[in-house]
Every structure is written in structure tokens, then in C-alpha cells.
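# Breakdown of the fold
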Amino acid sequence: GWFGLGRKHQVEVAPIIKTQIQESISVSGSLQPKLEVTISPDVSGEIVAIHVIEGQNVQKNDLLIELKEDQYISLRNRSQANVKEQKAFQAEANAQLAKARAQLIRIESQFQRQQRLISDSLISIAEFEQSEAEYKIAQQDLAAAEQRLIAAQYRVQSAQATLKEANEQLAFTKIFAPMDGTITSLPVRVGERVVGTTQMSGTPMVIIADLSKMELVTNVNENDVTKLHVGDSCKVEVDAFLKQNLNISALITNISHAANPKTVPEAMTEFEVRALLLYQNNTEAITFKPGMNATLEITTDRKNDVLAVPIEAVTLRKNKDKSDEKLEKEVIFIVNEHKISSKPVKTGISDYQHIEIKADAIKEGDKVVIGPFSLLSNKLKDGDRVTFNQP
């Protein structure tokens with residue numbers, strides 16, 4: 001603007017221009033890996049070996065930690081012995097079944113012979129009834145032998161399942177990397193006891209993160225979040241790399257559907273927003289660390305060739321129009337031959353310097369008062385005379 005010399009009012013002025021305005025939202029947040037895995041053991045035990053250090057890169061299936069396996073080897077051995085024992089019982093049940101079948105065949109043959117003899121009245125009724133009873137008992141013995149075999153088979157299956165579980169628990173004493181990545185946290189030490197996930201939530205032992213895909217996690221207030229959409233492009237500035245002038249773009253990948261929990265009722269309502277960093281040539285060699293502070297700038301609207309003034313040129317005055325319910329109206333002060341007049345305006349989008357204006361009888365090049373603030377806020381009136389330096 002231009003600075004005045006000192007008559008009634010000394011003001012700063014600037015011209016109305018036609019320009020492009022890009023409205024954006026700027027919020028702070030922190031960098032987090034898009035993919036991060038916290039590893040807890042499946043079984044409880046004492047840590048006997050740690051094969052990695054914090055910051056180390058690992059590949060999927062690399063051995064990370066070993067737990068003491070003595071009790072799980074003992075459990076596996078007992079389970080193996082139980083399987084063998086149950087298989088022996090199954091073999092015995094098979095033999096008993098074969099014996100019962102053979103006995104039934106023999107007794108059935110005798111009973112059929114007794115039936116022929118009783119029909120010829122060659123044996124007494126008592127002898128026949130004795131033979132019939134023996135036949136029925138043999139049938140029951142065979143049915144019982146079949147059920148004993150089925151039970152023995154079930155016991156073998158149960159023992160085998162227990163053995164499988166024991167082998168799995170033994171295998172769980174070795175913890176392997178579930179993915180390629182970097183060890184970002186290793187809070188445990190050799191000799192510590194850890195709790196498996198079969199008991200409560202388990203002890204976190206290792207965190208592995210894929211640092212090649214980072215996202216910025218931030219919170220956006222309820223007034224601005226409605227302007228955002230998944231897929232919107234944005235820019236990111238990482239505080240630790242401001243001097244490198246990195247060109248970091250990002251893409252909004254998630255906007256929470258529910259507001260963040262409030263710690264106090266009067267706290268601002270905010271929604272979590274996540275943006276995936278898109279690496280450019282000058283950022284591929286940079287290693288971003290989880291937790292680094294960053295700023296996300298999201299473009300929400302863009303207009304070309306619109307009339308605009310510096311943001312400070314728009315001020316409020318009492319609304320004298322009784323047909324309008326608003327108590328105040330937005331105005332600018334136009335300077336014409338050192339005399340000012342107020343013009344009601346409707347404002348549109350804004351950036352950090354200019355704001356879009358719509359009004360009758362204004363044009364590009366008109367000079368507007370932009371300061372000082374004490375004059376603009378309440379002292380300037382229609383018809384006041386001002387001084388300023390010509391550009």
C-alpha cells in the first residue's frame with residue numbers, strides 16, 4: 001500500500017485486482033506409518049534371545065525373538081506319549097471287536113443248529129432257551145465292542161489334536177517378522193517374562209512399520225471437514241525438513257465419520273483426517289520418522305480472474321437496511337480524489353492475502369483503504385478526506 005502525509009486521515013491504499021484465489025485449510029499433525037504392526041507373543045514365557053535392535057530393517061519371516069521352550073517341549077513330549085497310548089487302546093479295541101465278531105459267528109451257528117433240533121423235538125426247551133440267550137449276549141457284546149472302538153478312535157483324535165496344539169505352542173516360542181519393515185519399537189529385554197495373547201491382550205514386544213509409506217494424521221474442525229473429500233490432493237511441510245524445501249504432495253485417504261472424543265464438553269469438535277504422502281524425486285532419499293510434526297495444506301476451492309482486495313480492506317459497519325435481518329454488513333472504502341465512500345460487498349473465497357468481492361459499481365484498479373486498522377474498524381465514514389502517497 002501507500003502511506004499518507006497527514007491531512008484529516010492518513011491511510012494506506014491498494015488497488016482492486018483481478019487474480020486467481022485458491023482457498024485452503026492449513027492444519028498441523030504428525031507423521032505415522034500407513035502400515036504398522038504391534039507384535040505380542042501367542043504364548044507366555046521368558047525371553048531368552050533377541051535377534052534385532054531398534055531401527056533395524058527386517059524382512060518377512062526373519063527371526064526376531066525366542067522364548068524359553070523347555071515347558072513347551074515337555075508338553076509336546078507328553079502329548080506324543082498320550083497319542084501312542086491312545087493308539088494302543090485303539091488297537092486293543094480293534095482286537096476285542098474281532099474277537100466279539102468271531103464269537104458271534106460261532107454262537108450264531110450253534111443257535112441255528114439248536115433251532116433245527118428244537119423243531120424236531122430233539123432237545124429240551126431249556127437247552128434251546130439257553131442257546132438263544134447266549135446268542136443275544138454275543139450280539140450285545142459285538143455292539144459294545146464296536147462302541148468301544150469308536151470311543152478309542154475319538155480318544156486318538158483328541159490326543160492328536162492336543163499334540164498339534166502342543167507343537168503350535170512350541171513353535172510360538174519363536175517370533176518371526178510378519179512383514180518387511182523397520183523395527184520402530186523394542187521395549188523388552190532378555191530375561192523378561194511376557195504374557196501371551198491367550199491370556200488377556202498379551203505383552204507388546206516389537207513394533208514393525210513400513211516407513212516407505214507414511215501418512216499425516218491430523219484433526220480438522222467441524223466447519224472445515226465438510227469441505228474435504230477422500231481423494232483430494234494437498235501439500236505437506238515436514239518441520240524437520242523445512243530448509244530442504246521439499247516438494248511433498250499428499251492424497252486424503254480417510255476422513256473419520258465420527259468426531260473425536262472430547263476431554264471437556266467445551267472442546268472444539270474435530271474429526272481425524274489421514275493423508276498419504278506421495279514421494280517425489282527429491283524425497284525418495286529422505287527417511288521420515290514416525291511422530292515428526294508436519295503441516296497439511298488442503299486446497300478446498302479455486303477461482304480464476306475474480307475481483308479481489310487485500311483481506312484487511314473488508315470491514316464491518318452497522319446495517320441500516322431494515323429489510324436485511326443482519327445487524328452488520330461487510331463494506332470496503334473506495335478512495336476517489338482523496339475522498340472516501342463505503343461500498344457494501346459480498347465476499348467469496350479467500351487465500352492468505354486476498355479475498356473475493358462482489359459489488360456494483362466497482363472495477364479493477366479502484367483504490368481501496370487497507371489501513372491503518374484503527375481507522376478502518378470504526379472511524380472512517382462516507383465523505384471523509386484522506387491523504388496518501390501516489391504509487
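As shown above, the structure is provided for reference.
Residues numbered from 1 in each chain as written. Predicted model: local features only at pLDDT ≥ 70, side-chain atom pairs only at ≥ 80, totals over all residues. Heavy atoms only, no water.

### A short note on the nonpolar core
Nonpolar side chains in soluble globular proteins tend to be buried together. Ranked by internal contacts, the top residues of the largest apolar core, which has 28 residues, are Leu 31, Leu 228, Val 236, Val 238, Leu 277, Phe 288 and Leu 296. Counting 20 residues, the second largest nonpolar core, distinct from the first, contains Ile 47, Val 52, Ile 175 and Ile 183. (Core = buried A, V, L, I, M, F, W, Y, C linked by side-chain atoms within 4.5 Å. Buried < 20%, exposed > 50% of the residue type's maximum accessible area, 1.4 Å probe, protein only.)

### Comments concerning the sheet that holds strand β4 (residues 36–39)
Spatial ordering of the open sheet is given by β4-β11-β9-β6, a layout of four strands whose pairing is antiparallel. Edge positions in the open sheet fall to β4 and β6 (57–58), since each of these has one partner strand only. Pairing analysis gives two bridges linking β6 to strand β9 (residues 181–185), with the strands arranged antiparallel. Across the sheet, Asn 57 pairs through a bridge with Thr 182, a residue of β9. (Pairing = 2+ DSSP bridges. Helix = DSSP H or I, 4+ residues; strand = E, 2+ residues; numbered from the N terminus.)

### So, unusual backbone geometry
Put simply, Gly 371 and Pro 372 share a cis peptide bond, and its omega is 0°. Along the polypeptide, Pro 372 turns up in the loop between β22 (367–371) and α4 (373–379). A positive phi is found at Asn 61, a non-glycine position, where the angle reads about 80°. You can see Asn 61 is positioned in the loop between β6 and β7 (63–67).

### As for the sheet that holds strand β10 (residues 193–194)
One open sheet holds the four strands; their spatial order is β8-β7-β5-β10, and the pairing between them is antiparallel. The strands lining the two open edges of the sheet, one partner per strand, are β8 (174–176) and β10. The sheet contact formed by β7 and β8 spans three bridges and is antiparallel. Residue pairing in the sheet places Glu 66 in a bridge with Lys 174 of β8.

### Notes on the pairing of strand β19 (residues 339–344)
Along any regular strand, the residues point their side chains to alternate faces of the sheet. For strand β18 (residues 328–336) and β19, the ladder comprises six bridges, and the chain directions are antiparallel. Note on β19: the bridge partner recorded for Val 331 is Pro 344. A loop of two residues connects β18 with β19, the two strands running antiparallel in sequence, and Glu 337 in this loop sits at a positive phi of about 55°.

### Regarding the pattern of salt bridges
Enumeration according to the criterion identifies eight salt bridges in this entry. As a salt-bridge pair, Asp 224 and Lys 227 come within 3.7 Å of each other at their nearest N and O atoms. Among the residues examined, Asp 224 registers a relative accessible area of 19% and is labelled buried. Residue Lys 227 is classed as partly exposed on the basis of its relative accessible area, which comes to 34%. (Salt bridge = Lys/Arg side-chain N within 4 Å of Asp/Glu carboxyl O.)

### Notes on the packing of aromatic side chains
Summed over all chains, the structure comprises three aromatic pairs. Relative to Tyr 135, the ring of Phe 111 lies with its centre 5.1 Å away and its plane at 10°, an arrangement referred to as stacked. Residue Phe 111 is found in helix α1 (residues 70–119), and its partner Tyr 135 is found in helix α2 (residues 125–171); the two are separated by 24 residues along the sequence. Through pairs of rings, three or more aromatic residues link up here, namely Phe 111, Phe 128 and Tyr 135. (Phe/Tyr/Trp six-rings, centres within 6.5 Å; stacked < 30°, edge-to-face > 60°.)

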